[in-house]
Amino acid sequence: QHRSDEAAAAITRAIQSAGRTGGPTGALLADVVARLDGVDVNRLAGDLRQPLIVIAVTGTNPGDHPEAAADLRLEIVRALLARGASPIQHEIHPMGAHAIIRASVFGHLDILRLMGQSLTTSELAGALNEIPPVNGLTALHDAVLRAGTADPAILPRYLDQIRWEVGNGARPDIEDFSGRTQREYADEIADPGRRKEVLAILDSAIPMPQWNHP
């Protein structure tokens, strides 16, 4: 457990350092990878008891060099997946979510694509449509909510993320714990142009079976 906790701390520390200093991140990645040797990458770690891959995808890219943090975050996830990390293993705290939901919350589309490649079609669709026990917001709920308020400069990223999620089986008709669907949240977007774009993507969704939601 101690080694898993050390690996968790190293992941967080490396991403923060990349965002603060920028530049080549090879040494930071090498330090994280070295700490993964002999560690069960699916063992829950840290105070919140999260899988290492959840820790790696949680958070915005920090500092004056967010692009460096984003690049390192992606490579850490790649290293974890290569060692058998599961993107659908649940954390205990704070929301009982998994890495697909976490990555969607923070807009890590490249990581979502990478993790999706490690799952079957049904596993990915099930993960995208899973209702977490805290607020009931699926990955697509989170993506739609963020598209509604995102800075115009990053809005295209969230639109691409919604397209990817819908294209991989995310349903726009699942109610969260407040009783609202993803489409209903899109209907509430204040900017009419933005609202039209999001609804057009949601309306393109092909009806898909839901493996963990009746």
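The model shown is predicted, which means the values in this text are computed figures rather than measured ones. In this numbering scheme, every chain counts its residues from 1 along its sequence in written order. At least 70 in pLDDT is required for a residue's local features to be given in this predicted model, at least 80 for side-chain atom pairs to be given and counted, and no such filter applies to totals for whole chains, interfaces and linings, which use all residues. Hydrogens and water molecules were not included; the side-chain quantities draw on all heavy atoms of the structure.

**Things to note about the overall build of the protein**
Only runs of H or I of at least four residues qualify as helices and only runs of E of at least two qualify as strands under DSSP, and these elements are numbered from the N terminus. In terms of regular secondary structure, the protein is built from 11 helices and zero strands. Along the protein, helices (α) and strands (β) appear in the sequence α-α-α-α-α-α-α-α-α-α-α when read from the amino end. Expected size for 214 residues packed as a compact globule is a radius of gyration near 17 Å; at 17 Å, the protein falls within 12% of this value. Taken along the three principal axes of its C-alpha coordinates, the protein extends 45 × 35 × 25 Å. Within the span of the protein, comprising 214 residues, buried residues form 50% of the whole. Only heavy atoms enter the contact rule, under which two residues are in contact if any of them lie within 4.5 Å. Long-range pairs, those at least 24 residues apart, make up 72% of the contacts in the protein with a sequence separation of at least 6. In this count, Lys and Arg are taken as positive residues and Asp and Glu as negative ones, while His and the chain termini are left out. The location of each charge is read from NZ of Lys, CZ of Arg, CG of Asp or CD of Glu. Distance between charge centroids for the protein: 3 Å, based on 20 positive and 27 negative side chains. Computation of the radius of gyration draws on C-alpha atoms, with the globule rule given as 2.2 Å multiplied by the number of residues to the power 0.38. Remark: exposure states derive from per-residue accessible area (1.4 Å probe, protein chains only) relative to the maximum for the residue type, with buried under 20%, exposed over 50%, and partly exposed in between.

**Brief notes about the environment of Gly-19**
Mapped onto the elements of the fold, Gly-19 is located in helix H1 (residues 2-21). In this structure Gly-19 comes out as buried when scored by relative accessible area, which is 0%. Excluding its chain neighbours within four sequence positions, the residues that come into contact with Gly-19 are Pro-62, Gly-63, Asp-64, His-65 and Ala-69.

**So, the packing of H1 against helix H2 (residues 26-36)**
Where H1 contacts H2, the two axes come as close as 9 Å, and the packing angle between them is 175 degrees. Viewed along their axes, H1 and H2 adopt a mutual orientation that is roughly antiparallel. In contact with Glu-6, Ala-7, Ala-10, Ile-11, Arg-13, Ala-14, Ser-17 and Ala-18 of H1, H2 contributes Leu-28, Asp-31, Val-32, Arg-35 and Leu-36. Polarity classes work like this: nonpolar for Ala, Val, Leu, Ile, Met, Phe, Trp, Tyr, Cys and Pro, charged for Asp, Glu, Lys and Arg, and polar for all others, with Gly in that last group. Partitioning the contact of H1 with H2 into residue classes produces eight nonpolar, one polar and four charged. Lines fitted to C-alpha atoms define the axes, with helix axes restricted to the stretch in contact, and inter-axis angles between N-to-C directions lie between 0 and 180 degrees. For classification purposes, an angle smaller than 35 degrees is called roughly parallel, one larger than 145 roughly antiparallel, one from 65 to 115 roughly perpendicular, and anything else oblique.

**Let's talk about the confidence of the model for the protein**
Looking at the protein as a whole, its pLDDT mean stands at 93, while 96% of the residues score no less than 70. Values of pLDDT, which run from 0 to 100, indicate the predictor's confidence residue by residue. Overall, residues 209-214 carries pLDDT values under 50, and its contacts beyond four positions in sequence, including any with other chains, amount to 13 contacts.

**Describing the side chain of Glu-130**
Relative to the assigned elements, Glu-130 resides in the loop between helix H7 (121-129) and helix H8 (139-149). The term salt bridge refers to a side-chain nitrogen of Lys or Arg lying within 4 Å of a carboxyl oxygen of Asp or Glu. For the buried residue Glu-130, which engages in no salt bridge, the nearest side chain bearing the opposite charge is Arg-102, 11 Å off.

**Describing the side chain of Arg-194**
Topologically, Arg-194 is positioned in helix H11 (residues 192-203). Among buried Asp, Glu, Lys and Arg side chains, Arg-194 stands out as unpaired, with Asp-191 the closest opposite charge at 4.8 Å. Here Ala-147 takes part through its backbone oxygen, which lies 3.0 Å from a polar atom of the side chain of Arg-194. The contacts of Arg-194, once residues within four sequence positions are left out, are Ala-147, Gly-148, Thr-149, Ala-150, Pro-152, Leu-155 and Ile-189. Each polar contact in these results corresponds to two N or O atoms within 3.5 Å; when the atoms are within protein, one needs to be able to donate a hydrogen and the other to accept it, and residues that are neighboring in sequence are counted only if both atoms are side-chain atoms.

**Describing the pattern of salt bridges**
Following the criterion strictly, the structure yields 10 salt bridges and no others. As a salt-bridge pair, Asp-173 and Arg-171 come within 2.9 Å of each other at their nearest N and O atoms. Residue Asp-203 pairs with Arg-183 through a salt bridge whose shortest N-O separation is 3.1 Å. Of the two residues, Asp-203 is situated in helix H11 and Arg-183 in helix H10 (residues 182-187); the sequence distance between them amounts to 20 residues. Exposure remark for Arg-183: the relative accessible area of 27% places this residue in the partly exposed category.

**Concerning helix H9 (residues 155-167)**
The span one expects for a helix is its residue count, reduced by one, times 1.5 Å. Spanning 13 residues, H9 covers 18 Å between terminal C-alpha atoms, matching the ideal 18 Å at 1.5 Å per step. Leu-155, Tyr-158, Leu-159, Gln-161, Ile-162, Trp-164, Glu-165 and Val-166 are the residues of H9 that are buried. Turning to H9, the residues buried within the fold contact helix H5 (99-105), helix H6 (109-116), H7, H8 and H11.

**Some words on the environment of Gln-182**
Inspection of the secondary structure assignment puts Gln-182 in helix H10. Aside from chain neighbours lying at most four places away, what touches Gln-182 is Thr-138, Leu-140, His-141, Val-144, Arg-171, Pro-172, Asp-173, Ile-174 and Leu-202. Engagement of the side chain of Gln-182 in a polar contact is seen with the backbone nitrogen of Asp-173, the distance being 3.4 Å.

**With respect to the environment of Gly-169**
Among the secondary structure elements, Gly-169 is positioned in the loop between H9 and H10. Residue Gly-169 is classed as buried on the basis of its relative accessible area of 2%. Separated by 148 residues in the primary sequence, Gly-169 and Thr-21 place their C-alpha atoms 38 Å from one another.

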